[in-house]
Amino acid sequence: MSGPVSFSRHNQIAILKTDNPPVNALGHAVREGLFNGIRQAEADSSIQAIIIICAGRTFFAGADIREFGKPQATPALREVHDAMTATPKLLVAAIHGTALGGGFETALACHYRVAVASAKVGVPEVNLGLLPGAGGTQRLPRLVGVEKALDMITSGRPISAKDALAIGAIDEIVDGDLEAGAIAYTERLLAEAAPLRRISEMDLPQTSDDVFAKAREKFARERRGVMAPQHCISAVEAARLPFADGMVRERELFNELLTSQQSKALRTAFFAEREVAQIPGLSKDIKPRPIASVGIIGAGTMGGGIAMNFLNAGVPVKLVEVTEAALDRGVAIIRKNYEATAAKGRLKADDVEKRMGLLSPSLSYDALADVDLIIEAVFENLDVKKEVFRKIDGIAKQGAVLATNTSTLDVDDIAAVTSRPGDVVGLHFFSPANVMRLLEIVRGAKTTDDVLLTALNVAKTIGKVGVVSGVCYGFIGNRMLEAYGREAELMILEGATPQQVDRALYDFGFAMGPFAMYDLAGLDVAYAVRESHRDKLPSDPTYYATGDRLAVMQRFGQKTGAGFYKYSAGSRVPEPDDAVQAVITDKAKDLGVTQRTFSDQDIVDRCLYAAINEGARILDEGIAFRPNDIDQIWIHGYGFPVHKGGPMFYADSVGLNHVAAKIADYRKLYGDDYWKTSPLLDRLAGAGKSFADWKD
């Protein structure tokens, strides 16, 4: 045999070994090689068994998702599995690395499965808006039971070889060399005259209707409006049918998902998350700077959260504050967070101490003299941040990367106070910094390529999605959020209520609406940012009028028990507040704003189209490299529903002609202060194109 699948033998055992780097994806050549290898083994009467194994770092890590939605060349994966299951030769899968999706389904089509202890198996298709479409929803519940199969399929989480053995998903864990262990196991099966254990011929373990009903209720609550988990449940329920009928139903449900906008959005987001780290024009010869230690200035909520990211990754951190009380408080909160995680069983007590042991608190900037990366996380004030950077410029070693955690301020202004602006970069963490996956990396005019690459590597090291932005007010995310929130605030002056606006956007799929978000983040924070940028913001008296007024009233949100909502003592549940409505009514009257009613769709369109229009400007100005970069920022930093792909993908899905027409309508109603259509949006809409068609 030639191609990615080789055929060899060990006595009476045929060994089909796939070598298709990087992850042995089950593309056409691999499928054909497996199919032909089975047939070759069947044609040799001296062969009694077949082992399927992979070279490289992993077993089949899944189907080649680049083939999804395209005509699949024969043999399709299901045809390969049918041939595998039907073979009269004993068939064993030998697993290392990760057997995921179609890879695990391939293992399930074998008669037996062995794995090394470090291996993992799983069916993550739900995360792409799909279901296991090559028999996984029919074989897995027959093998491990409905409840365990439902959990694996609807969560998409892989499980360890140990856990897979415990539930019966694999048959043995092999010590030492996998191929030698698989051969020994197969020889033992032959010696024992083990039966050809075809999962397709097994009876489904008894289960009640309640299992499926409860699963549907759970995912209707936890994954609002998302199709894939519900379709997964229906497919597993179809395992009650004869196997052939269940396979037909699985394919029907799979095809419904494959052609859905949700799956397209999720698959686009999957590739985009990997694409954002690829920076146009960045030479492959550039090497990142080594980051073996980190210094953080500021032990408040943000600084402490940033520190935890590095401690979690095993990177030593020096945490600097100006007062002992602030430093002690910051360290205590970090410890409290770790101990709370340990109390939930998600961290061992020894790990708490190990991570805390990497933390070195200090009251002196001199402690930062030998670290590789310094992150400033102080108050969002340009003068304060400039002063910090003047100090660290005189202390940091040559080659250290100097980063600011600013969310809106000009990184170039900050870099200019140092003698090494090329070493300065923005690292905008999102709160809570130890939880949120987004890291907005702000490239200054003089930021060097190796510093930018270092920032991207840092993001990867601490498990963040790092997205590069150019310098402008608010960068990518907050600049768009300003337009989104502006329209939400204007609509409550015009007659909507905060709870209606929040409900409409929550029902659209956001984790929370804008007013609940402001209360969580703190109205004082947003007000302080606006105050420091008044010269750059609209002079329109309606602009964020309610939020500013509530901040002046010291209604800062959850932290004070009152913001756009009121909060009972010890509660984070927002409650409508008549006092807020009185403020809104008075403001509207003073400003002469005409009140009217809004539909939920009115609210969603106006907020999102304002953000999309700003996103188009950001693209046109070169602040963002790609539309997908913008979408990743909004998915991972602002809670945009991933199954709707991000604001730019969503705009494409409803049509840029429609978006541009709605903005033109808004311009007629409200004037062009806020509703000047982006030139890029106009060009694309006029040409019948989408943001996906856009090229730099």
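Not measured: the values here are computed from a predicted model.

Asks: What is the right way to look at the overall build of the protein in this model?
Replies: Counting its secondary structure elements, the protein contains 28 helices and 17 strands. Relative to the 2.2 N^0.38 estimate, which gives 26 Å for 696 residues, the radius of gyration of the protein is 28 Å and therefore close to what a compact globule would have. Principal axes of the C-alpha set define a box for the protein whose edges measure 90 × 60 × 50 Å. Out of the 696 residues belonging to the protein, those deemed buried represent 54%. Long-range pairs, those at least 24 residues apart, make up 73% of the contacts in the protein between residues at least 6 apart in sequence. Surface summary for the protein: the accessible area is close to 29000 Å², and the carbon and sulfur share equals 51%. When the 79 basic and 88 acidic side-chain charges of the protein are each reduced to a single mean position, those positions are 1 Å apart.

Asks: How should the environment of L619 be read in this particular structure?
Replies: Examined against the element boundaries, L619 turns out to sit in helix 24 (residues 600-620). By relative accessible area, which is 2% here, L619 ends up buried. In contact with L619, not counting residues within four places along its chain, are A624, F625, R626, P627, I630, M648, L680, F691 and W694.

Asks: Explain helix 17 (residues 449-461) here, please?
Replies: Because the α-helix completes a turn every 3.6 residues, residues three or four places apart line up on one side. The end-to-end C-alpha distance of helix 17 is 18 Å, a good match for the 18 Å that 13 residues give at a rise of 1.5 Å each. V451, L452, L453, T454, A455, L456, V458 and A459 are the residues of helix 17 that are buried. Residue G463 follows helix 17 closely and has a positive phi angle near 75°.

Asks: Just checking my understanding: could you explain the pairing of strand 11 (residues 317-320) for this structure?
Replies: Side chains on a regular strand alternate between the two faces of the sheet. Bridging between strand 10 (residues 294-297) and strand 11 involves 4 bridges; their strand directions are parallel. In the strand pairing of strand 11, I296 is matched with L319. In this region the chain leaves strand 10, passes through helix 12 (residues 301-312) and returns to the parallel neighbour strand 11; the handedness of that crossover is right-handed. Here strand 11 pairs with strand 12 (residues 359-362) via 4 bridges, running parallel.

Asks: Got a minute to help me understand the sheet that holds strand 10 in this structure?
Replies: Either a parallel or an antiparallel arrangement is found when strands of a sheet pair, and the pairing is made through backbone hydrogen bonds. Here we have 8 strands laid out as an open sheet, ordered 12-11-10-13-14-15-16-17, and mixed in their pairing. Looking along the sheet, the strands with just one partner apiece sit at the ends: strand 12 and strand 17 (465-469). The average angle at which neighbouring strand axes cross in this sheet is 25°, direction not considered.

Asks: For this particular structure, what's the right way to read the packing of helix 25 (residues 627-638) against helix 26 (residues 647-654)?
Replies: Geometry of a packed helix pair, given as the angle between the helix axes and the separation of the axes. Where helix 25 contacts helix 26, the axes come no closer than 7 Å and their chain directions differ by 115°. The residues of helix 26 that touch helix 25, namely those facing P627, I630, D631 and W634, are P647, M648 and F649.

Asks: I would appreciate a short explanation of the pattern of salt bridges in the present structure.
Replies: Any two side chains of opposite charge can pair, given that their charged atoms come close. Enumeration according to the criterion identifies 37 salt bridges in this entry. The residue E42 makes a salt bridge to R39 at a minimum N-O spacing of 3.0 Å. You can see E42 and its partner R39 sitting in helix 1 (residues 28-42), 3 residues apart, about one turn around the helix. Notably, a salt bridge pairs R289 with D450, separated by 2.8 Å at the nearest N-O pair. Placement of R289 in the loop between helix 11 (261-275) and strand 10 and of D450 in helix 17 is noted, with a sequence separation of 161 residues between them. On the basis of relative accessibility, which here comes to 18%, the residue R289 falls in the buried class. According to the relative accessible area criterion, D450 is partly exposed, its value standing at 21%. If you follow the salt bridges from partner to partner, you end up with R479, E614, R617 and E621 in one network.

Asks: Explanation requested: the environment of S293 in the structure shown.
Replies: Along the chain, S293 falls in the loop between helix 11 and strand 10. Judged by relative accessible area, which is 16%, S293 ranks as buried. In this structure the C-alpha to C-alpha distance between S293 and A445, which are 152 residues apart in sequence, comes to 26 Å. Apart from residues no more than four positions distant in its own chain, S293 is found in contact with V315, P316, D370, V371, D372 and L373.

Asks: Looking at this structure, I do not really get the nonpolar core. What am I missing?
Replies: In summary, soluble globular proteins display a tendency toward joint burial of nonpolar side chains. I52, F59, I95, F104 and L140 are the most contacted members of the largest nonpolar core, which totals 82 residues. Among all residues touching L140, those that are not within four sequence positions of it are F104, L108, V123, G145, A149, M152 and I153. Counting 70 residues, the second largest nonpolar core, distinct from the first, contains F430, I476, L490 and Y650.

Parameters and conventions
Residues numbered from 1 in each chain as written. Predicted model: local features only at pLDDT ≥ 70, side-chain atom pairs only at ≥ 80, totals over all residues. Heavy atoms only, no water. Helix = DSSP H or I, 4+ residues; strand = E, 2+ residues; numbered from the N terminus. Rg over C-alpha atoms; globule rule 2.2 N^0.38 Å. Buried < 20%, exposed > 50% of the residue type's maximum accessible area, 1.4 Å probe, protein only. Contact = heavy atoms within 4.5 Å. Areas by Shrake-Rupley, 256 points an atom, 1.4 Å probe, with all protein chains shown as cover. Lys, Arg positive; Asp, Glu negative; His and termini not counted. Charge placed at Lys NZ, Arg CZ, Asp CG, Glu CD. Expected span 1.5 Å × (residues − 1). Pairing = 2+ DSSP bridges. Right-handed = clockwise from strand over helix to strand, strands pointing away. Axes fitted to C-alpha atoms, helices over the stretch in contact; angles between N-to-C directions. Salt bridge = Lys/Arg side-chain N within 4 Å of Asp/Glu carboxyl O. Core = buried A, V, L, I, M, F, W, Y, C linked by side-chain atoms within 4.5 Å.

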